[in-house]
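Next come the chains, spelled out residue by residue.
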Amino acid sequence: MPIWVVATLFAGLFQTWRTALQQKLRGQLTVNAAAVVRYLYGVPVGMLFVVLYLTLIGGSLSSPSWIYLLYCVLGGFGQIIGTNLLIMSFGHRGFAVGTAYSKTEAVQAAFIALIFLGESFHALAWLGIAVSVGGTLFLSLAGRVSSLREVVAATVQPSAIYGLGAGFAFALCALAIRAATQSLDGPDATLRALETLVVINMLQTLMQGGWLLATERASIPALFRTWRSSAQVGALSACGSACWFTGFAYAPVALVRAVGQVEILFTLLFSRFFLKERMKRTDIIGALVVVSGVVLVLLGR
């Protein structure tokens, strides 16, 4: 199995796990503070990954250029903006709708890469991207819309618009990360991905941490008071990002994000086996659609 597929599957698992743990921070930290802990506590974990990789596998660090740092800034800032837009979609009582439309990131990334980067995919891969995103939309909106007309109507809700904006920001973020890893001069793509993880997490800590310092200074002590839970969230965030970045280093963003739709399957499994919630028929149908889309992407690769 290609390394980017393995990395993407683990990225979905770590991201689901991190989201579950991050729920513990609700009520203890503000939204901005909760975002900062992902980057702040993720930096040392990312550095540890680089040290372990150099020790066990070998290699040498790359020499960053100004264009590389620009890509890192764009990637880090894009993730922050995307996260904020997604949170804004929740504020319009549209948690499911906002989340669903943010998952169009894979399709948006495919079109952006086609138009600006000239990346083309096999027709089967395009079909797989559409099917996997469609399955995710179905899982997110099942029980909330009952007809195609309602789906179309949902797209003009503020939550859907913010969700689409979040997907666009996440798509640009992922493309910038891929460009950053490709601009480094090192021969090892995995090591370049880990280096980029550390740089972007440091930049995000400065960007979002600076905003927190300017607007919510009273929230800063809580970042360290909740260090036990925050450190776990940061570690899982770093693990997930390391896997995403590795996937981007080896394969086009659209394909990685399409396979990454399996994240919603991990969410369903977590709900079933840890929260003991019963799976509905629509959950099973949606899961099968997502898996079918992922298979088509891999066959069309």
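Residues numbered from 1 in each chain as written. Predicted model: local features only at pLDDT ≥ 70, side-chain atom pairs only at ≥ 80, totals over all residues. Heavy atoms only, no water.

(A) Broad picture of the overall build of the chain. A tally of regular secondary structure across the chain gives 15 helices and zero strands. Counting over 301 residues, the chain shows a buried share of 52%. Sequence separation of at least 24 residues holds for 87% of the intrachain contacts in the chain that already meet a minimum separation of 6. (Helix = DSSP H or I, 4+ residues; strand = E, 2+ residues; numbered from the N terminus. Buried < 20%, exposed > 50% of the residue type's maximum accessible area, 1.4 Å probe, protein only. Contact = heavy atoms within 4.5 Å.)

(B) Layout of the side chain of Arg-192. Looking at the element boundaries, Arg-192 is found in helix α10 (residues 189–215). The buried charged residue Arg-192 lacks any salt bridge partner; its closest oppositely charged side chain belongs to Asp-188, at an N-O distance of 6.5 Å. If we ignore the near neighbours within four places in the chain, the residues touching Arg-192 are Ser-62, Thr-181, Leu-184, Gly-186 and Pro-187. (Lys, Arg positive; Asp, Glu negative; His and termini not counted. Salt bridge = Lys/Arg side-chain N within 4 Å of Asp/Glu carboxyl O.)

(C) View of the side chain of Glu-105. Along the chain, Glu-105 falls in helix α6 (residues 105–117). When sequence neighbours within four positions are dropped, the list of residues in contact with Glu-105 reads Gly-167, Phe-170, Ala-171, Ala-174 and Arg-257.

(D) Examining the pattern of salt bridges more closely. With the rule as written, the count across this model stands at one salt bridge. In this structure, Arg-257 engages Glu-105 in a salt bridge whose closest nitrogen and oxygen atoms are separated by 2.5 Å. With Arg-257 in helix α13 (residues 253–259) and Glu-105 in helix α6, this residue pair connects regions lying 152 residues apart in the sequence. The class of Arg-257 is buried, set by a relative accessible area of 15%.

(E) Here's a closer look at helix α3 (residues 42–56). Under the 1.5 Å per step criterion, the end-to-end length of α3 is 21 Å for 15 residues, consistent within 8% with the ideal 21 Å. Regarding α3, the residues found buried are Gly-42, Val-43, Val-45, Gly-46, Val-50 and Tyr-53. In this fold, the buried residues of α3 make contact with α2 (31–40), α10 and α12 (227–250). Gly-58 sits one or two positions beyond α3 and adopts a positive phi of about 95 degrees. (Expected span 1.5 Å × (residues − 1).)

(F) Representation of the packing of α3 against α12 in the model. Packing of α3 against α12 brings their axes to within 8 Å, and their N-to-C directions diverge by 50 degrees. Between α3 and α12, the interaxial angle falls into the category oblique. For the crossing formed where α3 meets α12, the hand is right-handed. In this structure, α3 uses Gly-42, Val-45, Gly-46 and Phe-49 to contact α12, whose residues at the interface are Gly-234, Ala-235, Ala-238, Cys-239 and Ala-242. (Axes fitted to C-alpha atoms, helices over the stretch in contact; angles between N-to-C directions. Parallel < 35°, antiparallel > 145°, perpendicular 65-115°, else oblique. Left-handed = near helix turned anticlockwise from the far one by under 90°.)

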